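Below are the chains, spelled out letter by letter.
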Amino acid sequence: AWCAKMAWQYYAQGALSFLVPLPPGEAMPMGPRPVQEVVLSVAVMTGLCCLVGRYLTRSDLMLRCAARLHPVDSFRDEAWDEVRLGLEGCVAAATAIPDEESDGKSKGRQSAKRRFATELLFITVHNGTVSVLALLAWLLGSPSLALHAFALEVAYEVFDSFSLGLLRLEPETLIHHIVSPICILCSTQTEVDFRVLCHLCICIDLSGAILGYSKFLLRYAHVSTTKVYQNLTLVYALLRVVGPLVDTVIIVWTEVRTRGGLFVLGGHLITEDGIHTHLVATDWTQLYFWAMAVLNSFNIYFFYVIRARARLPPHVVASLERQGAISGGSRGS
């Protein structure tokens, strides 16, 4: 009975920590990390992500692995045809789609902008890897491992920007690919508890992995679009709205309490002339807050988009997904 009680308490504490990450004991600040360490980690992770990403998005390895998880002939032939054509061939073919209507060119460009099968699957692989690294960093109490997990997230933004190119890089995707690295890099220079940042990373990337795979199924598998979007609505509400907002409140509250007020986000520095000025390092925290506000706005907006899709007639959503007319922004961010 005692063991069962202790196990239940441990389980309850773990579940509560995942919902509201308020780690017990002394705070373990993420930063400020040395700039050289951050630059080196981002450079190494970017190189690794580009190498692995280029290989996986141009081979059928992920598609064959996904096929093992579903019954035979679950995927449409289009998914396998894209692998045989290659990404460059798919973009060229989509752009050159003949259309008898007057807006044929615009439809071709819209079809070319959508992500292809291996790109959606790589989103799942990448985000899943980041989530695992962040969870391990949290459990092991390692801010250094957390830095590598965050750097791998920045690496994907770089890889995806060059992979999509100017032709397929949509405005909302570009905004996300700029704001997200700013938010991540600024967090490495703040004194926010790294475990709270790991929780935020897990929420964002776990939901991103689920969303990437769901969009792959919607476009290339025989599934119920309504059911998929209903499940995504729940996932998005928990992991992209509630979780990040809770983390944001904890981060802001902790920083305000530590620094003495909402508008005093840093200490003061007395210069040789006796003038009191705010520390330059304060800008990292202020910029981080602004970046988080933008990302939270994106998350809430896309939650309403996904919820609206869940309420559309199934045949309408299926048709739009097949045409690539519903992109969902930057991998659902």
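Remember, it's a predicted structure, so these values are computed and weren't measured experimentally.

**Student:** It is not clear to me how the confidence of the model for the protein chain should be interpreted in this structure. Could you clarify?
**Tutor:** Detailed reading of the predicted coordinates is not advisable wherever pLDDT falls low. For the protein chain, mean pLDDT is 80; residues scoring 70 or higher make up 74% of the total. Of the regions scoring below 50 in pLDDT, residues 266-272 engages in 15 contacts with residues more than four places distant in sequence or in other chains. For residues 325-330, every residue scores under 50 in pLDDT, and the model assigns this stretch 21 contacts once sequence neighbours within four places are set aside.

**Student:** Can you help me understand the side chain of glutamate 82 in this one?
**Tutor:** Tracing the chain through its elements places glutamate 82 in helix α4 (residues 77-95). The contact partners of glutamate 82, leaving out residues within four places of it in the chain, are Cys90, Arg114, Phe116, Ala117 and Tyr220.

**Student:** Is there a simple way to explain helix α2 (residues 35-56) in this structure?
**Tutor:** Side chains three or four residues apart in an α-helix point the same way, a direct result of the helix having 3.6 residues per turn. If you check α2, its first and last C-alpha atoms are 31 Å apart, about what 22 residues at 1.5 Å a residue would give, namely 32 Å. All of the buried residues in α2 are Val38, Ser41, Val42, Met45, Thr46, Cys49, Gly53 and Leu56. Axial view of α2: buried residues confined to an arc of 130 degrees, hence all on one face. Exposed positions of α2 whose direction lies more than 90 degrees from the buried face are Gln36, Val39, Leu40, Leu51 and Tyr55. Residues of α2 that are buried sit in contact with α3 (61-68), α6 (117-140), α7 (143-168) and α8 (171-187).

**Student:** Honestly, empty space enclosed by the protein in this entry has me stumped. Any pointers?
**Tutor:** The gaps of empty space that remain are located by a probe, the size of a water molecule, rolled over the atoms. In total, this model carries 4 cavities of 30 Å³ or more according to the counting rule given. In this structure, the largest cavity encloses a volume near 360 Å³. Listed by contribution, the elements that provide at least two residues to the lining of the largest cavity are α7, α8, α9 (194-220), α10 (225-259) and α11 (282-310). Looking at which element gives the most residues to the lining of the largest cavity, the answer is α9, with 6 residues.

The rules behind the values
- Residues numbered from 1 in each chain as written.
- Predicted model: local features only at pLDDT ≥ 70, side-chain atom pairs only at ≥ 80, totals over all residues.
- Heavy atoms only, no water.
- pLDDT = per-residue confidence, 0-100.
- Contact = heavy atoms within 4.5 Å.
- Helix = DSSP H or I, 4+ residues; strand = E, 2+ residues; numbered from the N terminus.
- Expected span 1.5 Å × (residues − 1).
- Buried < 20%, exposed > 50% of the residue type's maximum accessible area, 1.4 Å probe, protein only.
- Arc of directions from axis to C-beta.
- 1 Å grid on protein atoms, 1.4 Å probe; cavity = no way out; pocket = protein on both sides within 12 Å on 5 of 7 lines; lining within 4 Å.
- Points joined across faces, edges and corners; volume = space filled by probe spheres on them.

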